[in-house]
There are 2 protein chains.
Amino acid sequence: MMTPMRYILLVLGAIISIHYILSFTHEEYGKATSISSITEQWTGSKSNPPYKTPVPDEYYKPDSPMDIQDRKANATFVMLVRNSDLSGIMSSMKQIEDRFNRKFQYPYVFLNDEPFTQTFKDRIQALTNTTVEFGVIPSDHWHQPSWVDEDRASKSRQEMVNNNVIYGGSVPYRNMCRFNSGFFYRHELLQKYRYYWRVEPDIKLFCDVDYDPFLMMQDQNKVYGFTISLYEYQATIPTLWTAVKSFINANPEFVAPGNAMAFLSDDAGESYNLCHFWSNFEIADLDFWRGEAYSKFFEYLDEQGGFYYERWGDAPVHSIGAALFAKKEQIHFFNDIGYRHEPFQHCPQGDAHAKGKCWCDPGQNFGKYLHTNVRLPLKFISLDYEWYSCLNRYDKIFS
Amino acid sequence: MMTPMRYILLVLGAIISIHYILSFTHEEYGKATSISSITEQWTGSKSNPPYKTPVPDEYYKPDSPMDIQDRKANATFVMLVRNSDLSGIMSSMKQIEDRFNRKFQYPYVFLNDEPFTQTFKDRIQALTNTTVEFGVIPSDHWHQPSWVDEDRASKSRQEMVNNNVIYGGSVPYRNMCRFNSGFFYRHELLQKYRYYWRVEPDIKLFCDVDYDPFLMMQDQNKVYGFTISLYEYQATIPTLWTAVKSFINANPEFVAPGNAMAFLSDDAGESYNLCHFWSNFEIADLDFWRGEAYSKFFEYLDEQGGFYYERWGDAPVHSIGAALFAKKEQIHFFNDIGYRHEPFQHCPQGDAHAKGKCWCDPGQNFGKYLHTNVRLPLKFISLDYEWYSCLNRYDKIFS
């Protein structure tokens, strides 16, 4: 019964199959035919997000570490690590030095919930000619507060373990998320600094950073810089957005005009779309976190206990804070910083790739995602070449 | 029946157990109590091998890439890679640039048995300001010669597969070993050079190399430099030493006086102890390979067909050539070059570690050897902290 309709269906089926195969195997084809690319053609070109403007030449430094830089920002690297992270953080730090800091010579601050060993300090100091300071975190900035109901917290941890939520059963992980959300910028060793660059163990930095991102942040009045954005696991933050909304309703004066709410929510704030900046990389303004809006915001969230009753991450907390209490232009996408933190990466494209002498594959912008076993909410899986990046949403807030 | 003898045995057993546990878990204890260390105390101190003399200051370069170096050697990097090795070789090359070549600006030669793609060439050239040349290997320098008996060769491959010999079934691997043994230095792109540094994909370079190793080789008349030495798999070279002995007997005039035979053999040449320099890292003199002794030696070995009937590696072939046809002082241990090629590494100790700003763990000198699944002849397993390194034997030839 080969009716004409059957032929048509057969041909249609073949075309769709070939399209899907090409989308997966040929990056350029995938990009050219992605929904976002096609709708862009229909709706006319958008205004460019700010990161598409090249970094001005004045922030670049000629390739000689002997030159003393005229102008410096008041900035530092921050590494929160354990003694056992030594080899991973040395690998990261050597790359920071190679790609950027051998020319710019910014200091380092290392933080730990226990004292660093002498070996750790000696090995780290040997990697750089700049100042390195090592600090211990005050106990009440790190540990679960006594007012948290441990019965309720442990029940919730067990439930997350049963549901295979990553780090679902870990208290130290929760301590770290809470510390990074609301305490690191209050540490005594960071008091003298205005800007920081957060660095984790075992990262990769793919491109030479020949300009000073701190100075750029300062001169352009930016408060938060990121390289990778993606979706949060809903299971770790069931009531976070409810808390955010209560805070906003009670304190509408803190919400900045021209903010980036559209990055967080597709329905003007009613619900959270789970987009956040991946906070294991951050170049940001410590004074922004220290300011009244974010401080009160963190305090309110902390009172809800969600860092322990759920597993609120510092990434959504920082991202929501930056998106609501700053103007959208104050959030900067470091498009030219090639970065990998397993299992995701950002690799600059085109001119930025060449200018940075990047060694990552520009065709591989979100890691070997087909081989990772990261659990993601199914609804976010699309056929876009960056299928669980939130970059498209970031771009959209400037259109 | 707790006789005194039983008590003594019990105590002895406990002491021995504690000793073994400490040897494995406490590096310093292991070193201090190793057989070699104890015998050294009994036999008095030895004369130092040459690499223990620090590299003279004149070979160091101040930390500024803007300085033009006065004196340069006629040297190049050599990378034998496939198009599919792009990401691994970019990682290696970025480290070569960071640790050494951004200051010294030596050129690169890339070789392949197929033409490099334009993408490959563009991506590689983007990583450096120096000259990069890309060459194709002549077919007869790469493929199994027609006079090799393929029946015999394929039977031998099958046998190695059955015995789980690594790369035992691979013809391309054999092509590569033969090419590296006797052909790479004849490639047209290498004709103009005297010294080379061999670089493989996915290596790690742990320390800044602030001096010019090529100039040092040239001025001190060295012909071969290595960082790691170890034992070869006997199963890959059953008749290699017999061939070596025949060649020596027929051509005694090529054997250098004051050579390093004692590195290769514990019985004055009767048998091979399997020690070799790990040739994935080499800084060496191309003219040494091109010379009459090594050329005739390679020709003779090639005629035996052992590259295909067995699985002779370029590491033992180069090592035997260097150890027999050069004076022992012409073989240099680059103690200060921290290097890793999975699963082994060399990490400089003490002053060299600090001077090179090394990021490897000086306590980990042979990789995570307890976790590797590399098959080694059992007789070589000792409790020394470098239990299958041949470095002790190299040291001994200078004592």
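One can find the structure itself at the top, above this paragraph.
Residues numbered from 1 in each chain as written. Chains lettered and ligands numbered in written order. Predicted model: local features only at pLDDT ≥ 70, side-chain atom pairs only at ≥ 80, totals over all residues. Heavy atoms only, no water.

Examining the interface of chain B and chain A
Here is step 1 of the chain: Contacts between chain B and chain A engage 25 residues on the former and 25 residues on the latter.
Here is step 2 of the chain: A buried area of about 1,900 Å², summed over both sides, lies between chain B and chain A, and 53% of it is on carbon and sulfur atoms.
Here is step 3 of the chain: It is Lys94, Lys357 and Trp359 of chain B in chain B that bury the most area against chain A; as a group they hold 31% of the surface buried on that side.
Here is step 4 of the chain: Our count for the contact surface shared by chain B and chain A stands at 6 salt bridges.
Here is step 5 of the chain: Residue Arg123 of chain A is joined to Asp361 of chain B by a salt bridge in which the shortest nitrogen-to-oxygen separation is 3.8 Å.
Here is step 6 of the chain: The interface formed by chain B and chain A holds 10 residue pairs in polar contact (both at pLDDT 80 or more) in total.
Here is step 7 of the chain: For the side of chain B that touches chain A, the element with the most residues is helix α4 (residues 86-104) of chain B, which contributes 6 residues.
Here is step 8 of the chain: For the side of chain B that touches chain A, a count of residues per class yields 10 nonpolar, 6 polar and 9 charged. (Contact = heavy atoms within 4.5 Å. Buried area = accessible area lost by both parts, 1.4 Å probe. Salt bridge = Lys/Arg side-chain N within 4 Å of Asp/Glu carboxyl O. Polar contact = N/O pair within 3.5 Å; in protein donor to acceptor, adjacent residues only side chain to side chain. Helix = DSSP H or I, 4+ residues; strand = E, 2+ residues; numbered from the N terminus. Nonpolar A, V, L, I, M, F, W, Y, C, P; charged D, E, K, R; others polar.)

Here's the deal with the state of the cysteines
Residue and element names in this part refer to chain A.
Here is step 1 of the chain: Taken as a whole, this structure holds 6 disulfides over all chains when the rule is applied.
Here is step 2 of the chain: Residue pairing for Cys207: its cysteine sulfur links by disulfide to Cys358, the two sulfurs lying 2.1 Å apart. Disulfide Cys207-Cys358: the torsion about the S-S bond is 110°, which places it as right-handed. Placement of the pair is Cys207 in the loop between β5 (204-205) and α9 (213-219) and Cys358 in the loop between α16 (350-355) and α17 (391-396), with a sequence separation of 151 residues. No difference in accessibility class separates Cys207 from Cys358, as the two residues are buried.
Here is step 3 of the chain: Disulfides within chain A link the bonded cysteines, taken in sequence order, as 1-4, 2-6, 3-5.
Here is step 4 of the chain: Of all cysteine sulfurs, the one in Cys390 lies closest to Cys177, which takes part in no disulfide; the gap is 18 Å.
Here is step 5 of the chain: Overall, Cys177 belongs to the buried group, its relative accessible area being 2%. (Disulfide = S-S within 2.5 Å. Buried < 20%, exposed > 50% of the residue type's maximum accessible area, 1.4 Å probe, protein only.)

Description of the relation of the copies chain B and chain A
Here is step 1 of the chain: Note on the identical chains: chain B maps onto chain A by a rotation of 180° and an axial translation of 0.0 Å, with an RMSD of 0.0 Å. Here the two chains are linked by the operation of a two-fold rotation axis.
Here is step 2 of the chain: Of the residues that chain B buries at the interface, 100% are likewise interface residues in chain A, meaning the two copies contact each other through the same surface. (Least-squares fit on C-alpha atoms with pLDDT ≥ 70 in both.)

Side note on the sheet that holds strand β4 (residues 195-198) of chain A
Two modes of strand pairing occur in sheets, parallel and antiparallel, and in both the strands are linked by backbone hydrogen bonds.
Residues and elements named next belong to chain A.
Here is step 1 of the chain: Strand order in the open sheet formed by 7 strands is β3-β2-β1-β4-β9-β6-β10, with mixed pairing between adjacent strands. The open sheet has two edge strands with one neighbour each: β3 (132-136) and β10 (331-333). In this sheet, neighbouring strand axes are inclined to one another by 20° on average, regardless of whether the strands run parallel or antiparallel.
Here is step 2 of the chain: Sheet topology note: the strand β6 (residues 224-226)/strand β9 (residues 282-285) ladder contains 2 bridges and is antiparallel. (Pairing = 2+ DSSP bridges. Axes fitted to C-alpha atoms, helices over the stretch in contact; angles between N-to-C directions.)

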